[in-house]
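# Remarks on the overall topology
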Amino acid sequence: MKRRSFIKTTATSAAAFTIIPATVLGKNGGIAANDRINLAFIGTGKQGRILQNFFKDRTDETVTIAASDVDSQKLDKFIGIAKGANKKRGTDIEIFATKHYREILERSDIDAVVVATPDHWHAQVAIDACKAGKDVYCEKPMAYTVAEGRAMVNATRKYDRVFQTGNMQRSSYNFRQACELVAGGYIGEVKTINACVGGPVVACDLPSMEAPANLDWNLWVGPSPYREFNPVLSPPVEEDIYPNWRLYRDFGGGMITDWGAHMFDIGQWALQMDNSGPSVYIPPKHGQTHGLKMVYDNGVVMNHVDLPMGNGVEFIGTEGRIEVTRGFIKTYPNEKLAQLEIKPEDRKLYYSDNHYQDFLDAMRNRTRPISDVETGHRTSSLCNIANIAYTLERPLQWDPKDEKFIGDRSANLMLSRTYRGKWDYTDF
């Protein structure tokens, strides 16, 4: 699976590029304030293009110099967009393009990679990037399994990398305000959280079709069990939609991981549980897709429910209630709490008002960003365990410290998966 030797450190390789990585110029491995950060994007579909646009706004700080995708048409479209963004930055550099992401990781001039592949690729790509000395911005949900998430944490720490997970709601006003109000005790003691995120994962029953010539389907499937192509999993570039690979087992985790990585994450943050999680998972009756109860050791219950407000979170406290979505924040009975100005000295939580700037700042300062790899792991673990509970249809006792189920061998076997071929995320 290796097109070239994975990491090249020879003088010949380094001399092949004219851009010096900013990490070389900064002190103590950091990046000097006036140096641009060289980015590479791995996964150039809809979300990759959206992320390129977000990072483009950091005009004076970043430049895109490489991209990778197994679909040549999506890669070509991305390169065109990135070239236009680079020109606005005052550079007309040629962008290196390849379908083999490890060719990107071999380059010594890249400071960070943005991982926007389908979920089943996140761990392998992100761990390889850490191993190659790159900082990582990885889309949510961070990991496809609990074991992958822990490995991503371990690789990040081993190679001393900065890792930001794409749980970007932590950097938006509505959710930050709601979590600060909960953490600060403004609605009293919170014992119940209701989160609306959609249903659990389902088996893939899509009919087999012939893959288009522009798509390397075998490489798209990668470490997952092989199945034939269907455009629902990888739609053509002209369909500007979020592809529904995310619904199906072996590639995604359903809406319970896709949106749960946002809304359950907000529950975790408000409870200041970023290094832990629920210890009991109680699924509903057979066949139901909502109703899971997740109980923390402190007695707080987070419910997976369907709410009229759509995807969002409801906090119920002894002195009030908060409803929050991307579109609004409402507080009851004191409506003014929603817009209460919380002074910096009264904040209980990490403050960020731009998820992408926060990542770049963390790169420069060599600090942990707002959604560090451990945070991303704990949230994706909660989501993945929720899927396990819905699948097994029985209560599960979870040890957040040892990250194992108590007295349930079958459930523990579901914490990891077998990789196909020579792919191996544990090789770091």
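So, here's what we can say about the structure.

## A look at the overall build of the protein chain
A tally of helices and strands in the protein chain yields 14 helices and 15 strands. At 21 Å, the protein chain has a C-alpha radius of gyration in line with the 22 Å of a compact globule built from 428 residues. Counting only C-alpha atoms, the protein chain reaches 65 × 50 × 40 Å along its principal axes. Taken across its 428 residues, the protein chain has 57% of its residues classed as buried. Sequence-distant contacts in the protein chain: of pairs separated by 6 or more residues, those separated by 24 or more amount to 72%. On the protein chain, roughly 17900 Å² of surface is accessible, and the fraction owed to carbon and sulfur atoms is 50%. Mean positive and mean negative side-chain charge positions of the protein chain (52 and 53 charges, respectively) differ by 2 Å.

## A short note on the packing of helix 11 (residues 260-270) against helix 13 (residues 373-392)
A packed helix pair is summarised by two numbers, namely the angle formed by the two axes and the spacing between the axes. Direction vectors running N to C along helix 11 and helix 13 enclose 110°, while the axes themselves pass 9 Å from each other. In terms of their interaxial angle, helix 11 and helix 13 are classed as roughly perpendicular. Seen along the crossing, helix 11 lies across helix 13 with a hand that is right-handed. Note on element contacts: helix 13 touches helix 11 through T375, R378, T379, L382 and C383, opposite G260, A261, F264, D265 and Q268. Among the residues forming the contact of helix 11 with helix 13, the class breakdown is four nonpolar, four polar and two charged.

## Regarding the side chain of E61
Summarising the element assignment, E61 is placed in the loop between helix 3 (46-56) and strand 2 (62-68). Separated by 3.3 Å, the side chains of E61 and R364 make a polar contact. In this structure E61 touches D35, R36, I37, Q357, L360 and R364, once residues within four positions along its chain are discounted.

## Some remarks on the sheet that holds strand 11 (residues 312-317)
Pairing is mixed across the open sheet formed by nine strands, whose spatial order is 13-12-11-7-10-9-8-14-15. At either margin of the open sheet sits one strand with a lone partner, and together these are strand 13 (329-332) and strand 15 (404-405). Here four bridges tie strand 7 (residues 190-196) to strand 10 (residues 301-304), and the two strands are oriented parallel to one another. When the sheet's bridge partners are listed, N194 is paired in strand 10 with N303. Set on the sheet, helix 8 (residues 173-183) makes contact with strand 7, strand 11, strand 12 (321-324) and strand 13; between it and strand 12 the angle comes to about 160°.

The rules we used
- Each chain carries its own residue numbering, running from 1 in the written order of its sequence.
- This being a predicted model, a pLDDT of at least 70 is required before a residue's local features are given, and a value of 80 or more before pairs of side-chain atoms are given or counted; all residues contribute to the totals for chains, interfaces and linings.
- Hydrogen atoms and water are omitted, and side-chain values are computed over all heavy atoms in the structure.
- Numbering of helices and strands runs from the N terminus; a helix is a DSSP stretch of H or I covering at least four residues, while a strand is a stretch of E covering at least two.
- As defined in this context, the radius of gyration uses C-alpha atoms, and a globule is described by 2.2 Å times the residue total to the power 0.38.
- Classification of residues uses two cut-offs on accessible area relative to the type maximum, computed with a 1.4 Å probe and protein chains only: under 20% is buried, over 50% is exposed, and between them is partly exposed.
- We call two residues in contact whenever any of their non-hydrogen atoms come within 4.5 Å of each other.
- Using a 1.4 Å probe, the Shrake-Rupley method yields the accessible areas, and only the shown protein chains count as cover for residues.
- The charged-residue count follows a simple rule in which Lys and Arg add positive charge and Asp and Glu add negative charge, with His and chain termini not counted at all.
- The location of each charge is read from NZ of Lys, CZ of Arg, CG of Asp or CD of Glu.
- Every axis corresponds to a line fitted to the C-alpha atoms, with the helix fit spanning only the stretch in contact, and the corresponding angles, defined between N-to-C directions, vary from 0 to 180 degrees.
- Roughly parallel covers angles under 35 degrees, roughly antiparallel covers those over 145, roughly perpendicular covers 65 to 115, and oblique covers all other angles.
- Helix crossings are classified by the rotation of the near helix relative to the far one: an anticlockwise turn of less than a right angle makes the crossing left-handed, while a clockwise turn makes it right-handed.
- Just so you know the grouping, Ala, Val, Leu, Ile, Met, Phe, Trp, Tyr, Cys and Pro go in nonpolar, Asp, Glu, Lys and Arg go in charged, and all remaining residues, Gly too, go in polar.
- For this analysis, a polar contact is any N or O atom pair within 3.5 Å, provided that within protein one partner can donate a hydrogen and the other can accept it, and provided that sequence-adjacent residues contribute only side-chain to side-chain pairs.
- Two strands qualify as a pair provided that DSSP identifies no fewer than 2 bridges between them.

As far as function goes, none of this settles anything; it's purely spatial.
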